[in-house]
Each structure stands twice: as C-alpha cells, then as structure tokens.
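Summary of the model geometry
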Amino acid sequence: MAEGLEVALTDFQSSRNNVRHHTQEISVDHLIVRRGQAFSITLYFSNGSFQPGLDNIIFVTETGPLPDLAKGTRAMFSLTGRGGPSPWIASLETNGPTSLEVSLCASPTAAVGRYLLKIHIDPFQGSVTAYQLGEFILLFNPWCPEDAVYLDSEPQRQEYVMNDYGFIYQGNKNWIRPCPWNYGQFEDNIIDVCLTLLDKSLHFQIDPATDCALRGSPIYVSRVVCAMINSNDDSGVLNGNWSENYTDGVNPAEWTGSVAILKQWRATGCQPVRYGQCWVFAAVMCTVMRCLGIPTRVITNFDSGHDTDGNLIIDEYYDNTGRILNNKKKDTIWNFHVWNECWMARQDLPPGYGGWQVLDATPQETSNGLYCCGPASVSAIKEGEVDLDYDTRFAFSMVNADCVSWLVHGGREQKLHRDTSSVGNFISTKSIQSDERDDITENYKYREGTPQERQAFLKALQKLEARRSQGSLRAGSQPLRPTPRIQEETRRLDTPSLRPSDIIQVSLKFQLLGRPNMGQDIRFVLLALNVSSQFKDLKVNLSAQSLLHDGSPLSPFWQDTAFITLAPQEAKTYPCTIPYSQYSQYLSTDKLIRISALGEEKSRPEKILANKIITLSYPSITINVLGPAIVNQPLSIEVIFSNPLSEQVADCVLTVEGSGVFKKQQRVLIGVLKPQHRARVILTTVPFKSGPRQIQANLRSDKFKDIKGYRNIYVDFGL
C-alpha cells in the first residue's frame, strides 16, 4: 500500500466496557476502565480494511503533562506484536470490510489517571499516519489478581468499592450510634474532582512527571490523597476546626455526605471547604479512594489516644475537685476518632503485612513533612512492629497507649493510677452488605490484659527506645540502658496479675438512671463499694463539664461534694441530678458531658478517681417513601422531625440527599419550631439510578446542629 489506512471514526464502546469494568455507575458515555483488564474499541476506516501482512498499527497511550516511556507514563504497543515488548497489550478481535475491533489491556501496574489514546498506522511502504482517538480514564482494579489492590471477595468488593453509602459510628463506647453518610463516589463529576485533587497535590506541583509515574502505586496515591483531604500543607479539600466557632462555614456535624463538599471545593477554584473534623475527613477520603478503585472503609476507634511525644503514654490531669484539666503536653484521649482502612499489597514491608492499612487524613502530626498518616499495616499495629512504614508508631498509640492520671494540687503532681486498657475500645466499621456494626478490635490488638497484648506493647516500647538509643549514639553519647519503663513492663509480664480485691479497698462508679436525652434532666448515681473489713469514711468531690470529641475539656458547670460512710463489705449510692437549665448553655456541639468523682479516705493519702462520659441523644428523623421507587418516575418522600426541647428554636434548616435518588442536596428552610413541636415535609424527586439506595437527612437550628435520620430504599429499573 502506498498510503496508510485512514481512521474515520472510533467507537470506544463506553457503555459495554464500563459495565464489564464496574464503572457504569460513573458514566456510560465516557470510557472508564480498570488496569489489568481488557477493553474493546472499534476503528472505522474510510479507505479500506486492515491487512495484517501489510498494515502495522501501533497504539500509544499517554498520561500526565510529560509522558515518558522510561517512566511508564507513555506506552507504545503494536497490534501485530512488532516493535518490542510492552506492558500494555493489543490484540485483534474482529476484522471487517471497513472496521477493526481490537482488545486493549493496560498493565496491572500502570499509573491511574486520565489517558490520551493515539494510533500510528504504518503501511511498511509510505508515510506513517498518526491519529488521536480520544481520552479515557484508567483506575485501580480490585478484581484483577495482578493488581496491588486485588481483593479476593466479591461481597467485600461490592461493599468497599461499589457501595456509595454507609455509616460512621459516633457517640461513646457506652452509646455507639450510626451516622448515615452519602459517599457518592459515582455521582456526576466526582471522578473529575478526584483527578483534580491528585493534580493539586504538592507532589504534582513540584515534579509532575515523577508524580504521575508513581500513580501506579496505591501506597503512593493513598499518601497523596491523605495529605490532600486536609488543607494544612496545600489547597486541600477541608479546613479542620475544633473551636466551636463555625460562623464563616458549616458546622462539621451538619454534613451528611461527601458530594457537596467535593463539588464546592472544585467550584471555588479548589479553596478549602469550611469545616471538617475527623469523621468528615475520613468520609471524604473514603469517597475519593473508592472512586479511584482502592477498597476502603471508615473506622471508628472509641477512646482513641493522641500521643504527641511518642512514649505510648497518654497523661491526663485532674484538680482536687475531679475536674479534668487542659493537658500541657497536648496528649488527649478522643472520645472517638475516625480514620480509613485501605486494602493493598505491601511489597515494601516483610511478608504478612499487606491487607488493610490505616490512613488518617485528620491533621494531627506530620509524616515526612506533610500532614498525613499511613498507610500503616493493621497487622503490624497488632504485633507492635512500630518501626515499619508508615507512621505505625502513631497508629499503635491510638489503639494501645497506656493512660496515666495525675492529680495537680499546690503546684505538685501526684500519680493517681495507670490504666493499660482504657485506650482503644469497640473499634467499629459497617458490616459487609448489612447495616449492622462490625467490631474489629481484635484486628488491631490482642485482648486487653492477655500476655500477648502486653508482649506486643513491650515490643513496641523496646523498638521506640532502641530508636532513641540509636539517636543517642549518633550524637556521641553512651548507649542507653533499659529504661525503668521497659523494666516495669518486663516485670508485668513475669508477674501473675493481682485480683482487683487484692489491691482495691474502695471503688467508685457512676451509673445512669435512664437514657440521657437532650432537653431533659440528667439523673445518675455514684456507686461506692467497700470490699475491705474496715469502716471507710469518704469525701468525694464531683463535677461535670462539657467535652469536645477530641478530648478537650470546657469549663465545669456543676459541682457537688458527698460524704459517705461505708461499713465493711457495704455498697451505697449517692443520687445526682443535673438540670437541663444548668447544662444547656454550656453544651458543645458534640453533646458530650464528662462527670468525674475524686474521692479520698480520711485516714489514707490515696485518691480514688472515677469518671464517665455521657452523650446526649436526640430523637431521629423519620423518612417514609410514599409509593414504589422506580427509575425516571416521580417519587414522594415524607420527612417527619420534631423539636425535642422545651423551648422554641429558630433558624431551622432541613437537608436531604441520597445518591441516585436526588440530583443534588435538597435544602428546606423551616424557620421556627415551637417547643416539642412535630412537623412533616413532603419532597418530590425522580430517582435516576436503580438498585439499593439510601436517603440521608439532617435538621439543624440555633440550639442543635445534627438531628439525623436515614431510610434505605430499593429503586426498580422499571420497564
């Protein structure tokens, strides 16, 4: 042939390919495929047919601003196999009179992102003709065994990649409540927002060619996304705010989904959205990672440690009234903390540490100069392997640090007690294809108090001390001897545990009398127990103060003093009531109240400390679906809500959303709600996606911010 074939038209078969690649929820009009899996395209020629012996077609794929064969961001591969080996593959499917259907397959390690597809047609005689066929998007592939994010369970892939709604667990360890969330990873333009997020990272801004080349690694991509969800280093998605002042943004408790956040970020030229806290950071990261194809779930850890100095101890300070003080070291125990787990192989670590990895986008500490955390192997955390990348030491302390309580009085600090089991409780995530809560604490640590758990803690402590010793040697000092702390932990392992009755003579404990509902008085008792054979005279100082969910205390608003005399083996209760009128004006958005008791015997210097965290609850919103839900047919939805307070509330706004059910978040201005008033709103929508869906709702006012509700529905495809 003197001239090459001329391409008149290219059919990317987007609808068919996207179904095969599990991306049809994102789009059926634009080609979105997963690496390591073949997809088909059809070339239509205007001047003949493809002749294998005479024509040579070379496909070219390029991603990023500086495509490079050596870096893997450019690939050239021939339909006939000529031109040398390539990690990308092209093969002939059908050859028609004026068309050619070919199968293309990206390398299972290829960089993810937006690609340009080109072809060079070489007739072996005459000039080479080049064509740009169009763009496509390449994602990670948890269905491909050769992909580093391969997950060998279809139910898990459906839950951790395909499910676009879920629950984030909040409250406290004694009252765990599910918060519904719309991840919406397949909503319109979210894939574009996710790719923009990668391009806005500092890594891309500094060296775009290298950044794009590294996007084949889920380890690298997860760290980039983790840093970009917060805005501490860059033009990230969310500003964090724990100040209780949200007048120039949105109270984090009001959000019910990621879509509005991501779309606002992009619409404002990638200006950080105000505001987020840990569950919002984790939820938005879950959206981005699932969209990119990395299996991801949201994890809540109750009583989560934040160890700022790396010694695996959280110090808490109390005054002589039992009030918890602001921590001068900034160590805190968060009432709950939320992060992500992403599934991936870890070829950079010893065998056995792949699988679920902790990634925490909440800006707490820096990692290699940026505010991100992870990926840290969950298996490594459990075994105390705190020297493995990335940030495993910090992740270990969140679930297994020890807590030491101190009494501050007269300028001196007195150690009250050390608790080895208070940090890291009821680690929770949504169950697979179920609305139930799955407790995964055993993934992170051995059962509290067992030799295996203390051995893992000792190993972690020894590794941290060894790192400090190496730093000391580099500085020219003598090697460090085993610290008293390591010696103490070793003795704990070698000494049988004492029974509580051997060491405790008097104990204090709080017990609630009924569920603590917002707007009602809080009633509880202090239970004092004497297990000794002697009379005990106690003076107990009681206090109550609001907490932020990160453990920061606010000013106390209630105090009391009890004098209790206990006969040998006697138990007594001391009743307490905190009126709504007393706590309402001091309550934080998190609705957390910490009650504390600090007791002392007249004849003994030892102090007895007891505390309890109370989360006040609201009545949930009720959502009713009025009629069958069918794609492209009108659907009426009834939302019923009430003011739980005995006072009028103003500035009420109801927000409702749900992927596949509402095109965008619905906002209904309610205005004023009278005391205890119950109201209903009817919304009409047209569902546009079939299958299981969830509707999420939130009601806010000038007195409360997060009365929530949800309803699962199934949308039929119809005729």
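Keep in mind that what you see is a predicted model, and the values were worked out from it rather than measured. (Residues numbered from 1 in each chain as written. Predicted model: local features only at pLDDT ≥ 70, side-chain atom pairs only at ≥ 80, totals over all residues. Heavy atoms only, no water.)

1. Description of the overall build of the protein chain
Inclusion rule: We count a stretch as a helix when DSSP gives it H or I for four or more residues in a row; a strand needs E for two or more, and each element gets its number in order from the N terminus. Taken over C-alpha atoms, the radius of gyration is set against a globule rule of 2.2 Å times the number of residues to the power 0.38. For every residue, the accessible area (1.4 Å probe, protein chains only) is compared with the maximum for its type, and the residue is labelled buried under 20%, exposed over 50%, or partly exposed between those bounds. Residues are treated as being in contact if the distance between any of their heavy atoms lies within 4.5 Å. In short, Shrake-Rupley with a 1.4 Å probe defines the accessible areas, and a residue's cover is counted only from the protein chains shown. None of His or the chain ends enter the tally, which takes Lys and Arg as positive and Asp and Glu as negative. Where a charge sits is defined by one atom per residue type, namely NZ (Lys), CZ (Arg), CG (Asp) or CD (Glu).
Of regular secondary structure, the protein chain possesses 15 helices and 36 strands. Against the compact-globule benchmark of 27 Å for 719 residues, the protein chain has a radius of gyration of 30 Å, which places it among compact chains. Seen through its principal axes, the protein chain has C-alpha atoms that stretch 110 × 70 × 40 Å. By the burial criterion, 55% of the 719 residues in the protein chain qualify as buried. Considering only residue pairs separated by 6 or more positions, the protein chain has 68% of its internal contacts joining residues 24 or more positions apart. When the accessible surface of the protein chain is split by element, carbon and sulfur atoms take 49% of a total near 29,700 Å². Looking at charge distribution, the protein chain has the averaged site of its 70 positive side-chain charges lying 6 Å from that of its 76 negative ones.

2. Remarks on the UniProt feature "binding site: Ca(2+)" (unreviewed entry) in the protein chain
As a reminder of what qualifies: UniProt positions are given in the numbering used here, feature names are shortened, and annotations may be inferred rather than shown by experiment.
Feature annotation in UniProt assigns "binding site: Ca(2+)" (unreviewed entry) to the following positions: Asn400, Asp402, Glu448 and Glu453. In summary, the annotated positions, though distributed over 54 residues, converge in three dimensions, the widest C-alpha pair being only 12.0 Å. Checked against the element boundaries, asparagine 400 lands in helix α10 (residues 392-400). A relative accessible area of 2% places asparagine 400 in the buried class. Once residues within four sequence positions are removed from consideration, asparagine 400 is found in contact with Val423, Lys445, Glu448, Glu453, Arg454 and Phe457.

3. Overview of the layout of surface pockets
Short version of the rule: Only protein atoms enter the 1 Å grid used here, on which a cavity is any set of points holding a 1.4 Å probe that cannot leave and a pocket is any open set flanked by protein within 12 Å on both sides along at least five of seven lines; residues with an atom within 4 Å of a point are listed as lining. Grid points are joined across faces, edges and corners, and a volume is the space filled by probe spheres set on the points.
Roughly 630 Å³ of volume is contained in the second largest pocket. Every residue lining the second largest pocket is counted, 28 residues in all, and those nearest its centre are Ile26, Ser27, Val28, Asp29 and Asp188. When contributions to the lining of the second largest pocket are tallied by element, the ones reaching two or more residues are β9 (129-139) and α3 (190-199). At 3 residues, the largest contribution of residues to the lining of the second largest pocket is made by β9.

4. Here's the deal with the pattern of salt bridges
Threshold: Salt-bridge detection follows one rule: a side-chain nitrogen of Lys or Arg within 4 Å of a carboxyl oxygen of Asp or Glu.
According to the stated counting rule, one finds 38 salt bridges in the structure shown. The salt bridge involving arginine 680 is made with glutamate 638; its shortest N-O contact spans 2.7 Å. Here the residue arginine 680 occupies a position in strand β34 (residues 678-685), and glutamate 638 occupies one in strand β31 (residues 635-642), the gap between them amounting to 42 residues. Residue classification places glutamate 638 among the buried residues on the basis of a relative accessible area of 11%.

5. With respect to the pairing of strand β28 (residues 592-601)
Operational definition: Note: two strands are recorded as paired if DSSP finds a minimum of 2 bridges between them.
Most of β28 is tucked away: 9 of the 10 residues are buried. Note that strand β25 (residues 536-547) and β28 share 10 bridges and pair antiparallel. The partner of serine 543 across the bridge, within β28, is serine 596. Summarising the sheet, β28 and strand β29 (residues 607-615) pair through 9 bridges and their orientation is antiparallel.

6. Remarks on the environment of serine 588
Spelled out, the test is: The definition of a polar contact used here is a pair of N or O atoms within 3.5 Å, where within protein one atom must be able to donate a hydrogen and the other to accept one, and adjacent residues in sequence count solely through side-chain atom pairs.
Looking at the element boundaries, serine 588 is found in the loop between α15 (580-583) and β28. Ignoring any residue separated from it by four or fewer positions in sequence, one finds serine 588 in contact with Glu244, Ser546, Leu547, Leu548 and Leu554. A distance of 3.0 Å separates a polar side-chain atom of serine 588 from the backbone oxygen of leucine 547.

7. Quick word on empty space enclosed by the protein
Selection rule: In this count, Pro and Cys sit with the nonpolar residues alongside Ala, Val, Leu, Ile, Met, Phe, Trp and Tyr, while Asp, Glu, Lys and Arg are called charged and the others, Gly among them, polar.
Under the defined criterion, the tally for this structure stands at 3 cavities of 30 Å³ or more. Each pocket or cavity is described by its volume, and for the largest cavity that value is around 170 Å³. The wall of the largest cavity is formed by 20 residues, among which Gln170, Arg177, Asp590, Lys591 and Asp706 lie closest to the centre. The set of elements that each furnish at least two residues to the lining of the largest cavity consists of β10 (165-172) and β11 (175-182). Along the lines of polarity and charge, the residues of the lining of the largest cavity split into 7 nonpolar, 7 polar and 6 charged.

8. Some words on the nonpolar core
Condition: Residues enter a nonpolar core if they are buried and are Ala, Val, Leu, Ile, Met, Phe, Trp, Tyr or Cys, with the set joined through side-chain atoms within 4.5 Å.
In terms of nonpolar packing, the biggest core is built from 66 residues, with Leu197, Val225, Ile229 and Leu238 touching the most fellow members. Tallying contributions element by element places helix α8 (residues 278-292) first for this core, with 13 residues. Ignoring anything within four residues of it in the chain, the contact list for isoleucine 229 reads Leu197, Gly236, Val237, Leu238, Phe281, Val284, Met285, Val288 and Ala361. Counting 57 residues, the second largest nonpolar core, distinct from the first, contains Ala544, Ile637, Leu645 and Val681.

9. Topic: the side chain of threonine 256
With respect to the helices and strands, the residue threonine 256 is situated in the loop between β12 (238-240) and α7 (259-267). Among all residues touching threonine 256, those that are not within four sequence positions of it are Pro180, Trp181, Asn182, Glu657, Gln665, Gln696, Ala697, Asn698 and Lys708.

10. Topic: the sheet that holds strand β19 (residues 402-409)
Just so we agree on the cut-off: Interaxial angle, 0 to 180 degrees, is taken between N-to-C directions of lines fitted to C-alpha atoms, where a helix line uses only the stretch in contact.
Spatial strand order, β15-β19-β20: 3 strands in an open sheet with mixed pairing. Whereas interior strands pair on both sides, the edge strands pair on one side only; in this sheet they are β15 (313-318) and β20 (412-419). Taking each pair of neighbouring strands and ignoring which way they run, the sheet shows an average axis angle of 25 degrees. The sheet contact formed by β15 and β19 spans 6 bridges and is parallel. Bridge pairing in β19 links tyrosine 318 to leucine 407.

11. Comments concerning unusual backbone geometry
Here arginine 274 and tyrosine 275 are connected by a cis peptide whose omega angle stands at 10 degrees. In this structure, tyrosine 275 sits in strand β13 (residues 273-276). That bond from aspartate 389 to tyrosine 390 is cis: its omega, -5 degrees, falls within 30 degrees of zero. Unlike most non-glycine residues, lysine 591 shows phi in positive territory, near 60 degrees. Tracing the sequence through the fold places lysine 591 in the loop between α15 and β28.

12. What about the sheet that holds strand β23 (residues 506-512)?
Across the sheet, 3 strands lie side by side as β23-β24-β27; this open sheet has antiparallel pairing. Of all strands in the sheet, those bounded by a partner on one side alone are β23 and β27 (571-578). Here the strands of the sheet are splayed against their neighbours by 20 degrees on average, with no regard to which way each runs. As judged from the 7 bridges shared by β23 and strand β24 (residues 522-530), these two strands associate in the antiparallel manner. Residue phenylalanine 510 lies in a different strand from β24, and its bridge partner there is leucine 526.

13. Considerations on helix α2 (residues 154-162)
When α2 is considered as a whole, its buried residues turn out to be Arg157, Glu159, Tyr160, Val161 and Met162. Packed against the buried residues of α2 are β2 (32-34), α8, β14 (296-306), β17 (355-359) and β21 (425-430).

14. Brief notes about the packing of aromatic side chains
The description of an aromatic ring pair rests on the distance of the ring centres and on the angle between the ring planes. Condition: Note on aromatic contacts: the rings of Phe and Tyr and the six-membered ring of Trp form a pair at centre separations within 6.5 Å, being stacked when their planes are under 30 degrees apart, edge-to-face when over 60 apart, and tilted otherwise.
For the structure shown, the criterion picks out 21 aromatic pairs. Judged by centre distance (5.4 Å) and plane angle (55 degrees), the rings of tryptophan 88 and tyrosine 115 are tilted. Taken together, the residues tryptophan 88 in the loop between β5 (74-78) and β6 (89-95) and tyrosine 115 in strand β8 (residues 113-122) connect sequence positions 27 residues apart. Tryptophan 88 sits in the buried class, given a relative accessible area of 4%.

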